[in-house]
Amino acid sequence: MHFDAADFRVVEVDLAHDRLELHWRDAQGQPLASIDGLRHWGDGQGRELLFATNAGIYDRQFRPLGLYVEEGVALRPLNTARGSAGAGNFSIQPNGVFYVDARNHAGVVATSDWRERRIEARLATQSGPMLVVDGAINPAFDEQSDSLKWRSGVCARAPQQVVFAVSEAPVTFHAFARLFRDELGCRDALYLDGTLSRIYTKADGYTGAAAVMVKPYAGMFAVFVDRRATE
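Here is what the cut-offs are and how they apply
- Residues numbered from 1 in each chain as written.
- Predicted model: local features only at pLDDT ≥ 70, side-chain atom pairs only at ≥ 80, totals over all residues.
- Heavy atoms only, no water.
- Helix = DSSP H or I, 4+ residues; strand = E, 2+ residues; numbered from the N terminus.
- Rg over C-alpha atoms; globule rule 2.2 N^0.38 Å.
- Buried < 20%, exposed > 50% of the residue type's maximum accessible area, 1.4 Å probe, protein only.
- Contact = heavy atoms within 4.5 Å.
- Areas by Shrake-Rupley, 256 points an atom, 1.4 Å probe, with all protein chains shown as cover.
- Lys, Arg positive; Asp, Glu negative; His and termini not counted.
- Charge placed at Lys NZ, Arg CZ, Asp CG, Glu CD.
- 1 Å grid on protein atoms, 1.4 Å probe; cavity = no way out; pocket = protein on both sides within 12 Å on 5 of 7 lines; lining within 4 Å.
- Points joined across faces, edges and corners; volume = space filled by probe spheres on them.
- Nonpolar A, V, L, I, M, F, W, Y, C, P; charged D, E, K, R; others polar.
- Polar contact = N/O pair within 3.5 Å; in protein donor to acceptor, adjacent residues only side chain to side chain.
- Pairing = 2+ DSSP bridges.
- Disulfide = S-S within 2.5 Å.

Turning to the overall build of the protein, a few remarks are in order. Within the protein one finds four helices and 17 strands. Taking 17 Å as the expected radius of gyration for a compact globule of 231 residues, we find that the protein reaches 16 Å, a close match to that expectation. Along the first, second and third principal axes, the C-alpha set of the protein runs to 50 × 40 × 35 Å. Within the protein, the fraction of its 231 residues that count as buried is 51%. Taking the intrachain contacts of the protein between residues at least 6 apart in sequence as the baseline, contacts between residues at least 24 apart amount to 70%. By element, 47% of the accessible surface of the protein is carried by carbon and sulfur atoms, the whole surface being about 10800 Å². Positive and negative side-chain charges in the protein, numbering 25 and 29 respectively, have mean positions lying 5 Å apart.

Printed below as a string of structure tokens:
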């Protein structure tokens, strides 16, 4: 997609037909660490990877920095710490949580509202900052900023329509937020990460940051298909 003088890869996941998953570690507790590692793990289980992208910001121990839920199990707790914006993107307020609940409905909610909403999450990842909040661009973003990064994000345009995007070149936060609000039609959208972010699809391979920029990931979103179903 071309928007506002920049190019983006956009992937839509229809939860009525495809099962969105989160993966961090294998059965032995070892981090999968990369999309290639995720793909090889799936191959070993007779599953073919159709789509994957990194699922948010992580700490120096390569653990998700905030709430992280896989198949209804919270592997990392909600992070309500409020550091200064200079402490990193996660600290820019508001930050938030992307989730898919037990009814297979997706959404993005501010961290401050998470506990009150009492969402029964099948999967969830906390990241930050939020790009769009109730239809408005995050007021922390400066339209004249010269901070350009590869950027990735996610929204739920409808309860079963999840939209992921990654820039194909460095852009500002404000420009990336406008993509989600003005072009993709999202009322709430969450930043996933920058600089190292990539999207993989079976059809088109990798898009986003150059391979040399990529570091080990923690959680990753994925859509698989059972190979037996395609034979």
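Okay, back to it.
Attention now goes to the layout of surface pockets. Its boundaries defined by the atoms lining it, the largest pocket holds a volume of some 280 Å³. Contributing to the lining of the largest pocket are Ile57, Tyr58, Asp59, Arg60, Phe62, Asp193, Gly194, Thr195, Leu196, Met213 and Lys215. Among the residues forming the lining of the largest pocket, the class breakdown is five nonpolar, two polar and four charged. By volume, the second largest pocket is sized at about 200 Å³. In terms of lining residues, the second largest pocket is bounded by 16 residues, among which Gly107, Val108, Val109, Arg187 and Asp188 are the most central. Listed by contribution, the elements that provide at least two residues to the lining of the second largest pocket are strand S8 (106-110), helix H2 (111-117), strand S10 (130-133) and strand S12 (151-158). Per-element accounting of the lining of the second largest pocket gives the leading share, five residues, to S8. Tallied by class, residues from the lining of the second largest pocket come to nine nonpolar, two polar and five charged.

Locating Thr172 in the fold gives a position in the loop between strand S13 (161-167) and helix H3 (173-183). The buried category is assigned to Thr172, whose relative accessible area is 9%. Only 3.0 Å separates the side chain of Thr172 from the backbone nitrogen of Ala175, close enough to count as a polar contact. Residues within four places of Thr172 in sequence aside, it is in contact with Ser145, Ser147, Leu148 and Arg151.

The peptide bond linking Gln93 to Pro94 adopts the cis configuration, its omega dihedral lying at -10°. Within the secondary structure, Pro94 sits in the loop between strand S6 (73-76) and strand S7 (96-101). Between Gly128 and the following residue, Pro129, the backbone shows a cis peptide bond with an omega angle of 5°. Relative to the assigned elements, Pro129 resides in the loop between strand S9 (121-127) and S10. Here the phi dihedral of Glu71 falls at roughly 45°; this positive angle occurs in a residue that is not glycine.

Turning next to empty space enclosed by the protein. The full count for this structure, using the stated rule, is one cavity of 30 Å³ or more. Quantified by volume, the largest cavity comes out at close to 40 Å³. Around the largest cavity sit Ala55, Gly56, Ile57, Tyr58, Pro64, Tyr68, Thr125, Ala218 and Gly219, which together line it. Within the lining of the largest cavity, the residues separate by chemical class into six nonpolar, three polar and no charged.

Okay, the sheet that holds strand S2 (residues 6-14) next. Taken in spatial order, the seven strands make up an open sheet running S1-S2-S13-S12-S14-S10-S11, and their pairing is antiparallel. At either margin of the open sheet sits one strand with a lone partner, and together these are strand S1 (2-3) and strand S11 (136-137). Where S12 and strand S14 (residues 189-194) come together, five bridges link them in antiparallel fashion. Bridge pairing in S14 links Cys155 to Ala189.

The subject of this paragraph is the state of the cysteines. Applying the stated criterion across every chain yields a total of one disulfide. Between the sulfur of Cys155 and that of Cys186 lies a disulfide, 2.1 Å long from S to S. In this pair, Cys155 sits in strand S12 while Cys186 sits in the loop between H3 and S14, placing the two residues 31 residues apart along the sequence. Judged by relative accessible area, Cys155 falls into the buried class, the value being 0%. Here Cys186 falls in the buried class, since its relative accessible area comes to 2%.

Treat this as a map of the structure, not an account of what it does.
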